[in-house]
Amino acid sequence: MPWHRQAVILAVSLALGMGISAAILVAAGVPANELLNEFVLQTLFDMQSLQAVLFQAAPMVLVGLGAAMAFRARFWNLGLEGQMIFGAIGATAISFYDIGPPALRLPLMLAMAIAMGLLWALAPVLLKLRLGVNEIISSLMLNYIAGNFLLHLVYGAWKDPKDSFPYSPQFRPFERLPEWFGSTGPTAIALALGVALLAWWFVGVSRAGLYLRFVNANPRMAHAVGVPVRRMILAAVLLSGALSGIAGFVVVAGQEGRLTQAFYAGYGFSGILIAFLARNNPLAATVVAVLVAALFVAGRNLQVFYQIPFSMVQLIQAIVVICVACSDFFIRHRIRSVQ
Amino acid sequence: MNAFAIATNWLGNAPDFAVPYALAALGLILTERAGVLSLGAEGLMLVGALAGIGAQLAFGEPGIALVVAMLAASLVSVLFAVMTILLRVNQVIAGLALVFFCQGLTSLLGTLFGWTNRAVDSFAALPLGPLAALPLVGRLFEQNIVVYLTLPIFLGVVWYLTRTSAGLRLRAVGENPQAADAAGINVTAWRFAAVLAGAALVGLAGAYISVVSTKLWIAGMTGGRGWIAVGLVIFARWSPWKALVGAVLFGCIEALIPQLAAAGVRLPQYFVLMTPYVVTLAVMVWVAVGRRGSDGEPGALGEPYLREERR
């Protein structure tokens, strides 16, 4: 099928998804004539909202890339949230126990976040490669375990003694992402874009990226022509965990400035959605991630102005995924009426 | 509290925790035996849980509430069936999308309708005559009607799958759709039916949690039990009776947690809350270590079927 017909089908499915979402929003109490205003103008042309979008986009780009890496190796890494949590815990541990001189503090936190995210991804991939344990279940279970461990820390040993809220003490200024144009948002997004470029190089230019394409197309054939399939899967999943770990670092050292109890909520599915819509392409994932970030910010505005629960954002994401997934059928098959 | 009272309470509470796992796993087995990989259990349980509470608030009759919950879960699963069976969307993507769709939808509707945290009445315990007066195990025979009904439901599904020609057709569709099609079985129709019937049982499991067990609705209240049920089915190698054993095991573990706390055993709270997930992981590893081949797994699990497609 020519590319322009594919594009038309994709556009129709996206429009359908947004149409259904808009109908649900109207049914939930948003005035129909305010939709465009709320979603597009308020979100993208308001300086403060735009800043919020950039803030939100950096971790989104990172989890999206993380999901794309694992999916390229045909590995369903649903443990993005757990890996993010452990990345954030690793970064916070460096701050909490005062490890390293102030000048090296931030790089140390980043390194620790990468290491912890990677470690949390190691278990499901080893279990899969060695024993054939279903990675969907194992990585999801590890999310719940990580979430409870996070609560254990922020309600227990790491609780800020200054007040009674469940979060860690505020990071010191040198433990936060440096400000640029007056906020940490641009720094975070610059970091995320740098990582996206690296990911693009890895996937599109490097030899490993080529191998990974073999593995994605047909693991058995890849093995037959001498691609180290298991090592490639291991590497891709560990990379995925490391990227999620960086996402956790960006949230605690950027947006939040401390470890909080539910900072990871919504990122897991968003990462999967971004990778799916971008067809595991790093550059496309970056663009989609910014759009998803805009959706998150719009969702928060709706919560404030119309008391629409934030779960609306998740519902809209799911509807868009369902519509696009279904459109694939019409791209791959031609429907003709039978006489 | 003495050890005897603790053991009595523990045994008495275990079925209440085991029933949702058992029913959800049974529903999943029914669907997956027809060759459709069903990852949507977590979402369908939430749909059942919310619909059950809604119906209970409206009618005040728990029996009707459970039926409404089953119908609601079946209705939502039509979406999944259309995606996977007709449009041949990747079954993992479709399952995940279904879970997130249901999580968003139930959380939104629960808030908009104001059903959150509203307590409802439910079934009373039915003591089984003299059995309930037995020492130690007596409270096992003082359960609500759904617990007692779980066993006949299992018997019915097993009988259907293994002793009827309809059950044979369903399994044939899951093992080898090409052969089933050649034998004149409508693969699409059977898979559709299996998805809807399985979803009804999963919805019943969800409604048990909200209507019968906790007696209220909180967004996301299933807390990963649907995923644990998916793991349980793999653990049971798609056999209903083994799934029932697994469900009872999980029920016993979950029921033990509050009893330990009552006994004064001081455990870190959040590590205790991790237990079901850690146990699931451990069980998956244990099964994988001892596994020989892919015994019990339906041959065409996760494979879409289209008659004209070349293999």
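Residues numbered from 1 in each chain as written. Chains lettered and ligands numbered in written order. Predicted model: local features only at pLDDT ≥ 70, side-chain atom pairs only at ≥ 80, totals over all residues.

## Section: the overall build of chain A
Short version of the rule: Per the convention used, a helix needs a DSSP run of H or I reaching at least four residues, while a strand needs a run of E reaching at least two, with both numbered from the N terminus. Throughout, the radius of gyration refers to the C-alpha atoms, and the reference size of a globule is 2.2 Å times the residue count to the power 0.38. To assign burial, the other C-beta atoms lying within 10 Å of each residue's own C-beta are counted, with C-beta atoms placed from the backbone; 20 or more indicates buried, 12 or fewer indicates exposed, and intermediate counts indicate partly exposed. A residue pair is marked as a contact if its C-beta atoms, positioned from the backbone, fall within 7 Å.
Per the secondary structure count, chain A includes 13 helices and zero strands. Taking 20 Å as the expected radius of gyration for a compact globule of 339 residues, we find that chain A reaches 21 Å, a close match to that expectation. The dimensions of chain A, computed from C-alpha atoms along their principal axes, are 75 × 60 × 35 Å. Evaluated residue by residue, chain A yields a buried proportion of 52% over its 339 residues. Sequence-distant contacts, at least 24 apart, represent 77% of the contacts inside chain A between residues at least 6 apart.

## Some words on the confidence of the model for chain A
Note the following rule: A residue's pLDDT is the predictor's confidence in that residue, given on a scale from 0 to 100.
Averaged over every residue, the pLDDT of chain A is 89; residues scoring 70 or more account for 99%. Within chain A, helix α4 (residues 80-96) of chain A carries the highest mean pLDDT (95), whereas helix α2 (residues 35-44) of chain A carries the lowest (73).

## Points about the packing of helix α7 (residues 185-204) of chain A against helix α12 (residues 282-306) of chain A
Residue and element names in this part refer to chain A. In plain terms, the rule: Only C-alpha atoms enter the line fits that serve as axes; for helices the fit covers just the stretch in contact. Angles between N-to-C directions range over 0 to 180 degrees. In what follows, roughly perpendicular refers to angles from 65 to 115 degrees, roughly parallel to angles under 35, roughly antiparallel to angles over 145, and oblique to any angle outside these ranges. Any residue outside Ala, Val, Leu, Ile, Met, Phe, Trp, Tyr, Cys, Pro, Asp, Glu, Lys and Arg is labelled polar, Gly included; the first ten of those are nonpolar and the last four are charged.
Two elements in contact, α7 and α12, have axes whose closest approach is 8 Å; the angle formed by their N-to-C orientations is 150 degrees. As summarised for this structure, α7 and α12 are arranged roughly antiparallel, according to the angle between their axes. Here α7 contributes L193, A196, A199, W200 and V203 to the contact with α12, which in turn contributes P282, L283 and T286. Across the contact of α7 with α12, the residue classes tally to seven nonpolar, one polar and no charged.

## Remarks on the packing of helix α5 (residues 102-131) of chain A against helix α6 (residues 135-155) of chain A
Residues and elements named next belong to chain A. How we decide: Handedness of a crossing is defined here by the sense of rotation of the near helix relative to the far one, left-handed for an anticlockwise turn of less than a right angle and right-handed for a clockwise turn.
Interaxial distance between α5 and α6 falls to 9 Å at its minimum, and their mutual angle equals 155 degrees. Comparing their axes, α6 and α5 come out roughly antiparallel. Every pair of crossing elements has a handedness; the one defined by α5 and α6 is right-handed. Counted together, W120, A123, P124, L127 and K128 of α5 and E135, S138, S139, L142 and A146 of α6 form the full contact between these two elements. A per-class count over the contact of α5 with α6 returns six nonpolar, two polar and two charged.

## A word on the interface of chain A and chain B
Across the contact, 35 residues belong to chain A and 38 residues belong to chain B. Among the elements of the structure, α5, α6, α11 (267-277) and α13 (311-332) of chain A are those that each provide at least two residues to the side of chain A that touches chain B. Among the residues making up the side of chain A that touches chain B, the classes are represented as 26 nonpolar, eight polar and one charged.

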